[in-house]
Amino acid sequence: IKVAASPVPHAEILKVAGDILAKADITLDVVEYTDYVQPNLVTESGEVDANYFQHGPYLEDFNEKNNTHLVSVAAIHYEPFGLYPGKTKSLNDLADGAKIAVPNDATNEARAFITLKEDAGLAATKNDVVDNPHNIELVEMEAAQLPRTLSDVDFAVINGNYAAEAGFSASKDALAVEDATSEAAQTYANLLVVEEGNENEPAIKALVAALTSQTVKDYIDSTYD
């Protein structure tokens, strides 16, 4: 079985699951991608059997915009969004006109903001922000670039996988973070995704069982805090 995944933490988690699958004579081939588009396209085309990198709102938005037919077979883990310090080290030192970098991809950018127009929805951009008393400059950029921009901005709101890949801990390094008991944790769980019609393939079911095993849970807890 071939699965497309983000390098951290998804591909690393899959390697642990692969050890479990090997005992059932199933070989897991993990193909790493550093963007949020190609994994879905290669799953739709059948080049891979599944992907593991995205949450539900992103999947729904992608299907709608790209006429793809991808479905979730399981929610595996949740990565909290965090606000990380750049040139400014404390929220108490937030100055008027400060620069904060945010991801520019659909659904994740809306997640980065505080007060939006009521009807903005998950496709919101910085143009939908209605309350900005500090006149903060919101710098939109590709999510993968966010950790590298910290020296150029005051703060950055960074997706969990890219924060982990850069060596950041949400619990230790972030100045603010989504709570594990929040609505966000329920909404933005990371999914194992297949092309519609392949949900009941035996190898997919075996992969779900491996990814939701205690062994993988323990690995996630100990490795990513």
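Just so it is clear, the structure is predicted and the values come from calculations on it, not from any experiment.

Rules used throughout
Residues numbered from 1 in each chain as written. Predicted model: local features only at pLDDT ≥ 70, side-chain atom pairs only at ≥ 80, totals over all residues. Heavy atoms only, no water. Pairing = 2+ DSSP bridges. Helix = DSSP H or I, 4+ residues; strand = E, 2+ residues; numbered from the N terminus. Phe/Tyr/Trp six-rings, centres within 6.5 Å; stacked < 30°, edge-to-face > 60°. Buried < 20%, exposed > 50% of the residue type's maximum accessible area, 1.4 Å probe, protein only.

**So, the sheet that holds strand 8 (residues 155–158)**
Within a sheet, neighbouring strands are paired by backbone hydrogen bonds and run either parallel or antiparallel to one another.
Thinking step 1. Strands sit in the order 7-6-8-5-9 across an open sheet of five strands; the sheet is mixed. The open sheet is flanked by strand 7 (137–141) and strand 9 (176–177), the only strands paired with a single partner.
Thinking step 2. As defined by bridge partners, strand 6 (residues 99–103) adjoins strand 7 across five bridges and the pair is classed as parallel. Directly across from K99, in strand 7, lies its bridge partner E137.

**Things to note about the packing of aromatic side chains**
Thinking step 1. The tally for this structure, following the rule as stated, stands at seven aromatic pairs.
Thinking step 2. Ring geometry for Y58 and F62: centres 6.1 Å apart, planes at 35°, overall tilted. With Y58 and F62 both in helix 3 (residues 56–66), this residue pair falls four residues apart, about one helical turn.
Thinking step 3. A relative accessible area of 7% places Y58 in the buried class.

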